[in-house]
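# Per-entry structural report
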Amino acid sequence: MSMIVIQQEKGQKFINRGEKIQEVSIILKGKVAMRTKNDEFIMEKGAVIGLMSCAAGIYDCDYVALEDTILVTYSYTSRSDLKEVFNEQPQYIYAFLHASKVTMQTVIKRYEMVMKLSRDIYLFIMRHNREYAFLCKKYELNHAITKKFTDINPLKIKSSIPQWRIDYENELIAQPQEIMQQFYGTRQDITIGEILAGSEVMIKAIGAMEEISEYIMNKADMLLSPDGDDLLAEWFKLAKHMSAKGLDISHIQKMVKELQSTLVSYRLVDEKLIKDRFSQFWQFDFEDYAAQQDKEDTRDENEDSADGTDELAGTDYFEYILSYAGYDEDRKAQICQAKDDYSLLVKEKPRSTETMQAARNFTDIFYDIYENAFINSLHAEKISSIMMLFFNFGFLDAGLVGEEKLNELAALSDKIKETESDHVYTAYEWLMAIYEGKKETSKNEFGLDYQASLRELRKANKITAEEEKNYKIDRERMVRFEIANMLKTGCRITSGKTMIFSPVLDGSEITKPAEDMWVSPKSVYSSIDKIRQVDYSCFYREVLFYDKEHDSCRFFIQKEVLPDIILMPVIGSRGIMWQENVGADRESPARMLFPVMSVLSLDDEIMDNVGRYRWEMCRKLQGVRWNDISEHSLTSEYYDYIQYYKKNRNLSAAVKEKIKSALSRAKGSYREVFVTDYVNWIKYESQGNFRVNKVVREIMSKYIPFTADIRYHLMENPLYRSAFSVYENNIIQIEKKYRNTLKKYKDDGGTLTQDMMDTLHFYQK
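Computed from a predicted structure; not experimentally measured.

### Thoughts on the overall build of the protein
For the protein, the count of helices and strands is 29 helices and 14 strands. On the principal axes, the C-alpha backbone points of the protein span a range of 100 × 75 × 50 Å. Here the protein holds 765 residues, and 50% of them are scored as buried. Charged side chains of the protein number 104 positive and 121 negative; the gap between the two group centres comes to 6 Å.

The following block contains the structure:
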């Protein structure tokens, strides 16, 4: 067998993960880094590169020279090649086995370490959950930790290493070298079998560690994250709440101190982030905060009679809402009986078939009340705070909410009235925009807007041509269409409830101060801006510019169109991308629906839906060829990647298994698999943390590039440099062509507009 001596320069990556194994190499001099998706192992003189991959036939790691390195390389395609090496160089029989076992020991030690770390983090979070709940119960606080911190599960991985195997390998490596050499030194087949068996274990361990690392990073993010949605923030809020009530917060300070020391010891979070966030906590003046809250509480008590629910003090709110909706006494009695029946069933049989039917029946009644009340509000001079609570939160009965929480909601409702936004709408504001003609109606579940639905009714002879003509300008009818379709469906989906959905506000679902759960315009814009700072092109669209005075001059400009966010009157746990634009208007905003009060991370929900928007907008623009690979686009290339992943030689067996699992979790939806990759791309890959495979990285870098500063930083890594090189070359050509177009237009007497300059800036991003 031929032997080749190769020199690898410092920093050179000479083996790529996923490549077919063609050789094994002994390190004669130098150091080599064996890099997995999330980890790195150092190989020194005497180590054999490639032994770990012998069983699989492909490299499961990248190999990079950490210093000038000399390798002795032998070709390898099957186990017979090892026999050939051993026949020529008998001293290598034990040397190869020893090198394999040394690597094995390193991998297993790392495996045991990350397994222990995953268990420790899980137990740490659960203990903090218990301490948090204990304090709330001890002081009878109407406060609870965010649900995501309680709904966590211990690590479950598909292919963990059995303990007996770990014990076997540890025992084997502990044997005296003379005994090992005496036994294995002349037995080729046993040695090769041991090497190949060890290779399978190491590959399994590497795959398992990738899963474990993802779990650890996810949980570390829960402890402390840049977006502030973490355990420290939960303790901070509780400390404020308790200090405002004059309670001792020393126990919270003890828990925060423990959290800080744990994060420092784990070394999973940026040190600067730890320092900055914990400094905010330790420097916060809780005594001053408590004093300020006392002053505000006193002022609020004095002002309550002006704007709060006191304006209808002593009123039966449910009776008041029914009267506002225009029901007669007989119908009121029927509705009250239906509500009482439903409430009783929920208490006695919360998940029975009987209860689900009652919930559906009362849901229909609720939207009938909602529709009639809204139409009547159009002709009212003033709308009471109770009706605004009904329209924007689904409030119906004080008995279901509780006095304390009702007062919180009343204060929040007043705050909403003072908050203006161009793109974030409460349910009432949105329906008013429809009525006033500022917005077009949304699509129904069949993809038809109001005008299209009228055409369908006319074709089916359910309305006459004259009726169709009158209905087209009937604003009240348009509002009823919006309530019956978008609002009704949107509330059910954003509530996140699959078994029993009820749009009626239930106080037991308000698990934190109402303002903390409120999806405010400020929080929406903050979440969207975080995405735009990474995915700068997400809301940009190509719009044709045409100047009538310069007939020959037509070219595309880039225009940012931010989505309309409509807040459904429910407490919920998910958002939905309702439609990517309105009709054929390329400049119309997308519509996304979110609950007005959310129990989950708004950042995550908005990011998911921006991913869905990315997919659906591309589909819309590409038309029937959205999945045609001959027409290159985001959806066509991603669709092709998913459809043929099993045949893709650039993907390892482990990666293919992950794609199979992802498809299973997404119930076969290519879009939902894409959304998961999009989130990983924005949250983690932009930070240089590998979370997507090579094929996805190439697609994302081409169609969803990061801003220039992030790209340039990441391109210090050869893996990202190759991914972004195509995009960088293309964008340089596009910018050059666009500059020439602007120059020609200006030379012809045209005036450069702000949109044109914004487009130039867009290409420079």
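### Side note on the packing of helix α2 (residues 92–138) against helix α3 (residues 163–173)
Contact pair α2 / α3: the axes reach a minimum separation of 10 Å and the direction vectors enclose 135°. Relative to α3, the element α2 lies oblique. Crossing geometry of α2 relative to α3 is assigned as left-handed. Of α3, the residues touching α2 (which contributes K101, V102, M104, Q105, I108, Y111 and E112) are Q163, I166, E169, N170, L172 and I173. Looking at side-chain class alone, the contact of α2 with α3 contains 7 nonpolar, 3 polar and 3 charged residues.

### Focus on the packing of helix α17 (residues 450–459) against helix α19 (residues 475–495)
Between α17 and α19, the least distance of the axes is 11 Å, while the angle of their chain directions is 95°. Accordingly, the angle class assigned to the pair α17 and α19 is roughly perpendicular. Where α17 abuts α19, its residues Y450, Q451 and S453 lie against R477, M478 and F481. For the contact of α17 with α19, the residue count by class is 3 nonpolar, 2 polar and 1 charged.

### Observations regarding unusual backbone geometry
Only a minority of non-glycine residues have a phi that is not negative, and only a minority of peptide bonds are not trans. With phi around 60°, N461 is a residue other than glycine that occupies positive phi space. Secondary-structure assignment places N461 in the loop between α17 and α18 (465–471). In this structure, K667 takes a positive phi of about 55° despite not being glycine. Counting through the fold element by element, K667 comes out in the loop between α24 (653–665) and α25 (670–683).

### Section: the state of the cysteines
For the structure shown, the criterion picks out 0 disulfides. Sulfur of C54: no disulfide; nearest cysteine sulfur belongs to C61 and is 13 Å away. Cysteine C538 is unpaired, with the sulfur of C618 as its nearest cysteine sulfur at 14 Å. For C538, a relative accessible area of 2% puts it in the buried group.

### Examining the sheet that holds strand β2 (residues 13–15)
Taken together, the 4 strands give an open sheet; going across it, the order is β2-β7-β4-β5, and neighbouring strands pair in antiparallel fashion. If you trace the sheet from one side to the other, it starts and ends with β2 and β5 (40–43), each paired once. Each strand of the sheet is rotated relative to its neighbour by a mean of 30°, with strand direction disregarded. As defined by bridge partners, strand β4 (residues 32–35) adjoins β5 across 4 bridges and the pair is classed as antiparallel.

### Remarks on helix α29 (residues 754–764)
Listing the buried residues of α29 in full gives M756, T759, L760, F762 and Y763. Buried residues along α29 cover an arc of 155° about the axis, so they all sit on one side. Against the buried residues of α29 lie β10 (540–546), β11 (554–560) and α28 (718–747).

### Some points on the sheet that holds strand β8 (residues 69–75)
Across the sheet, 4 strands lie side by side as β1-β8-β3-β6; this open sheet has antiparallel pairing. Of all the strands in the sheet, just β1 (3–8) and β6 (48–49) have a single pairing partner and so form its edges. Bridging between strand β3 (residues 23–29) and β8 involves 6 bridges; their strand directions are antiparallel. Its bridge partner being in β8, S25 is matched across the sheet by T73. In the packing of α2 onto the sheet, contacts are made with β3, β6 and β8, and the angle to β3 comes to roughly 90°.

### Here's the deal with the pattern of salt bridges
Enumeration over the complete set of coordinates arrives at 45 salt bridges. Between D535 and R614 there is a salt bridge whose closest N-O contact spans 2.5 Å. Here the residue D535 occupies a position in the loop between α21 (521–532) and β10, and R614 occupies one in helix α22 (residues 602–622), the gap between them amounting to 79 residues. Given a relative accessible area of 0%, D535 falls into the buried group. The network of salt bridges with shared partners includes K101, R165, E169 and E194.

### Section: the confidence of the model for the protein
In the predicted model, the protein carries a mean pLDDT of 86, and the fraction of residues at 70 or more is 95%. Note on residues 300–310: pLDDT under 50 across the span, and 12 contacts to partners over four residues away in sequence or across chains.

### Describing the environment of N129
Inspection of the secondary structure assignment puts N129 in helix α2. Exposure remark for N129: the relative accessible area of 7% places this residue in the buried category. The spatial distance from the C-alpha of N129 to the C-alpha of L378 is 47 Å, given a sequence separation of 249 residues.

Scoring rules and cut-offs
- Residues numbered from 1 in each chain as written.
- Predicted model: local features only at pLDDT ≥ 70, side-chain atom pairs only at ≥ 80, totals over all residues.
- Heavy atoms only, no water.
- Helix = DSSP H or I, 4+ residues; strand = E, 2+ residues; numbered from the N terminus.
- Buried < 20%, exposed > 50% of the residue type's maximum accessible area, 1.4 Å probe, protein only.
- Lys, Arg positive; Asp, Glu negative; His and termini not counted.
- Charge placed at Lys NZ, Arg CZ, Asp CG, Glu CD.
- Axes fitted to C-alpha atoms, helices over the stretch in contact; angles between N-to-C directions.
- Parallel < 35°, antiparallel > 145°, perpendicular 65-115°, else oblique.
- Left-handed = near helix turned anticlockwise from the far one by under 90°.
- Contact = heavy atoms within 4.5 Å.
- Nonpolar A, V, L, I, M, F, W, Y, C, P; charged D, E, K, R; others polar.
- Disulfide = S-S within 2.5 Å.
- Pairing = 2+ DSSP bridges.
- Arc of directions from axis to C-beta.
- Salt bridge = Lys/Arg side-chain N within 4 Å of Asp/Glu carboxyl O.
- pLDDT = per-residue confidence, 0-100.

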